[in-house]
Amino acid sequence: MGTEASTPDTTQLDLYIYDYLVRRNLITTAKIFVKETGAKTFATDIQKIDFAGGLLSDWWSIFWPNFIMACPELSQGHAIQQTPLEVGEHSSHPVTDSPQVQSHQFHQPSGIGRMDLPNSTVYNRTAPRHMQQPYQQPADGKCAADMLDLSGGFTMKKKMGIVIDEGFNLKASAKKLFCCDFSLNGELLASAGDENKVFIWNLKNNLEQRSWEAHSRFITDISFCLNGTMLATASSDKTVRLWDISQGDYCIQTMVGHSTQVKSVDFHPRNPSVLCSCDDGGRIFFWRIGQFNPHMSQVAGKGKVRFHPNGDLLASAIDSTVSIIDVEKDEKCSYFQGNTENKPVRSISWNNHFQFLACVSEDCAKIWSPSGEVRELSGKQRYFRSCSFHPKYPDTLVIGGYKTITLWNFAENKEVSVQPHDCYVSDLAECLPLGLLASASHDGCVKVWN
């Protein structure tokens, strides 16, 4: 770091620590740190330096691959013994500056106690570095997204001070696409849908890398493992299948146990040998790779399931509500009303930066903060189908609707929409390390935005 970026009292380590505290919303701790170090120009220095993912960026990028290589059973799923399902060790929860969640802020199911989270909120869990932090909010005053199709040929629009670059399509299928997901490093994008095929795109050159027939019926959801070599697919043929994409379209395991169509699948963010799925019959299964008898959760879920970035909580959509499940205890610790008119929740998304949780139903989008605050965007003729927090601007929720993508800055309650697709935007996926966003549509196209 050059001398012009700091005073003699400020070291680069000081800046990394201060940046990390601010990212974790530990404002009081950050102020105490500044006072005790005697540093004078933290804010100016941070704007001049690209911190990428924060304090732990270099640590995890170097040591996580070595850890996986030293523990091949985690990446290859060789868990043969029939042991009780464990998804991770107890993790310590840091003291935060956020207010405690009060009992009246969440609907509590009868007979189920609140999780014991001393000095913490229901969401505020420290995620490991391999869960990649969002880009740092630019200091230029922009309130939402710059969206750019990687394949080029775009038309620039400007609304409400937000620059949106609308690109052309990556044509994936002649039929509807229902889902998409990025690999952890952002180099690969997978999409699937009504054609029963998986399409893998290489984003380095925007060319389709490969495709294969993955199921006998349409594919409802898709999820990359954190090591980037495994891919899970859920299907209406009542199965979940695991693929080793490093060996082409090699099927590692077919997971059989659901009695109705599987609606969603998600890998555990800290343990690559564990994944979760749910079906439209209301059953949630936890699977361990290499074993064939899943653990069926005591909690019901029939829509999307998504792990909290730290892996200790699971959000599950069921009808018009969202349940929050303590994964280790297999207990419902809270739930939210996603739609007051009993319309089903179609999509859910966690925010890694602010620890928010979002959901969308047909004509309503809601966001819950760790303190229990609820923010809502609603209105007739919305037709919402999907949602994802913006990878660069964590105070912006991206919502897929009928032909449209809506960027809702919930901090300022502003919104702007574009129409990049010709039908419903069925799924949205974010890649935090590279600041990418993908949209998959019933028009058979998938777009990548930067």
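Conventions used here
In this numbering scheme, every chain counts its residues from 1 along its sequence in written order. The model is predicted, so local features are restricted to residues of pLDDT at least 70 and side-chain atom pairs to those at 80 or more, both for listing and for counting; the totals for chains, interfaces and linings are taken over all residues. Side-chain metrics rest on all non-hydrogen atoms present in the structure, leaving aside hydrogens and water. Pairs of strands are assigned from DSSP output, requiring at least two bridges between the strands. Strands here are runs of E lasting at least two residues and helices are runs of H or I lasting at least four, both read from the DSSP assignment and numbered beginning at the N terminus. All axes here are fitted lines through C-alpha atoms, helices being fitted over the stretch that makes contact, and every angle between N-to-C directions spans 0 to 180 degrees. UniProt positions are given in the numbering used here, feature names are shortened, and annotations may be inferred rather than shown by experiment. A carboxyl oxygen of Asp or Glu within 4 Å of a side-chain nitrogen of Lys or Arg is what we treat as a salt bridge. Note on terminology: disulfide denotes any pair of cysteine sulfur atoms within 2.5 Å. Any residue under 20% of the maximum accessible area for its type is buried, any over 50% is exposed, and the rest in between are partly exposed; the area is computed with a 1.4 Å probe on protein chains only. What counts as a ring pair is set by centres within 6.5 Å for rings of Phe, Tyr and Trp (its six-membered ring), and what kind of pair is set by the plane angle: stacked under 30 degrees, edge-to-face over 60, tilted for all other angles. Only lysine NZ and arginine CZ atoms are considered, and such an atom sits over a ring when it is within 6 Å of the ring centre and within 35 degrees of the ring normal. For this analysis, a polar contact is any N or O atom pair within 3.5 Å, provided that within protein one partner can donate a hydrogen and the other can accept it, and provided that sequence-adjacent residues contribute only side-chain to side-chain pairs. Should any heavy atoms of two residues lie within 4.5 Å, those residues are considered in contact.

Things to note about the pairing of strand β23 (residues 374–378)
Okay, so step 1: Examined bridge by bridge, strand β22 (residues 364–368) and β23 share 5 bridges and lie antiparallel to one another. Across the sheet, residue A365 finds its bridge partner in β23, namely L377.
Okay, so step 2: In sequence, β22 turns back onto β23 through a hairpin of 5 residues, with G372 there showing a positive phi of about 95 degrees.

Thoughts on the sheet that holds strand β8 (residues 219–224)
Okay, so step 1: Strand order in the open sheet formed by 4 strands is β8-β9-β10-β11, with antiparallel pairing between adjacent strands. Looking at which strands have only one partner, the edges of the open sheet turn out to be β8 and β11 (250–256). Ignoring strand direction, the axes of neighbouring strands in this sheet form an average angle of 20 degrees.
Okay, so step 2: Across 6 bridges, the pairing between strand β10 (residues 239–244) and β11 is antiparallel. What sits directly across from W243, in β11, is C251.

Concerning the UniProt feature "repeat: WD" (unreviewed entry) in the protein chain
Okay, so step 1: Here, UniProt's "repeat: WD" (unreviewed entry) annotation points to residues 170–211, 212–253 and 418–450.
Okay, so step 2: What you have in residues 418–450 is 0% helix and 58% strand, and the ends, taken at the C-alpha atoms, are 15 Å apart.

Looking at the pattern of salt bridges
Okay, so step 1: Per the counting criterion, the structure on display carries 12 salt bridges.
Okay, so step 2: The salt bridge involving K380 is made with E341; its shortest N-O contact spans 3.6 Å. Highlighted residues: K380 in the loop between β23 and β24 (386–389) and E341 in the loop between β19 (331–337) and β20 (347–350), separated in sequence by 39 residues.
Okay, so step 3: Shared partners join several salt bridges into a network, and the residues in it are E341, K343, E362, D363 and K380.

Points about the environment of P269
Okay, so step 1: Among the structural elements, P269 can be located in the loop between β12 (262–267) and β13 (274–279).
Okay, so step 2: Residues P269 and L226, spaced 43 residues apart in sequence, show a C-alpha to C-alpha distance of 6.5 Å.

Structural notes on the state of the cysteines
Okay, so step 1: As enumerated under the stated definition, the model contains 0 disulfides in all.
Okay, so step 2: Note on C180: no disulfide assigned, nearest cysteine sulfur contributed by C179 at a separation of 7.3 Å.
Okay, so step 3: For C180, a relative accessible area of 3% gives the class buried.

Some points on the packing of aromatic side chains
Okay, so step 1: Evaluated as defined, the whole model comprises 9 aromatic pairs.
Okay, so step 2: Consider the rings of W212 and W243, whose centres lie 5.5 Å apart with planes at 55 degrees: the pair is tilted. Here W212 is found in strand β7 (residues 207–213), whereas its partner W243 is found in strand β10, with 31 residues between them in sequence. In terms of burial, W212 and W243 fall into one category: buried.
Okay, so step 3: Between F336 and W368 the ring centres are 4.5 Å apart and the planes differ by 25 degrees, which places this aromatic pair in the stacked class. Of this pair, F336 sits in strand β19 while W368 sits in strand β22; the two residues are 32 residues apart in sequence, bridging distant segments of the chain. Comparing F336 with W368, the two get one shared label, buried.
Okay, so step 4: Taken together, the ring pairs in this structure connect F356, F389, W408 and F410 into an aromatic cluster.
Okay, so step 5: For K332, the ring lying beneath its charged end belongs to Y335, and the centroid distance is 5.5 Å.
Okay, so step 6: A cation sits over an aromatic face here: R385 above Y424, 3.8 Å from the ring centre.

Re unusual backbone geometry
Okay, so step 1: Residues other than glycine seldom take positive phi values, yet K238 does so here, at roughly 75 degrees.
Okay, so step 2: Within the secondary structure, K238 is located in the loop between β9 (230–235) and β10.
Okay, so step 3: With a phi close to 55 degrees, N413 is a non-glycine residue in the positive phi region.
Okay, so step 4: Note that N413 resides in the loop between β26 (405–409) and β27 (414–418).

Examining the sheet that holds strand β21 (residues 357–361)
Okay, so step 1: As summarised here, the arrangement of the 4 strands in space is β20-β21-β22-β23, forming an open sheet in which the pairing is antiparallel. Of all strands in the sheet, those bounded by a partner on one side alone are β20 and β23. Averaged over all neighbouring strand pairs, the angle between strand axes comes to 15 degrees, with direction disregarded.
Okay, so step 2: In this structure, β21 lies alongside β22, joined through 5 bridges in antiparallel fashion. Across the sheet, the residue bridging to V360 is A365, located in β22.

As for the side chain of R306
Okay, so step 1: Residue position: R306 is located in strand β16 (residues 305–307).
Okay, so step 2: You can call R306 buried: its relative accessible area is 18%.
Okay, so step 3: Among the polar contacts made by the side chain of R306, one reaches the side chain of S264 at a distance of 3.1 Å.
Okay, so step 4: Excluding its chain neighbours within four sequence positions, the residues that come into contact with R306 are D221, S264, V265, D266, L313, L314, A315, I348 and W350.

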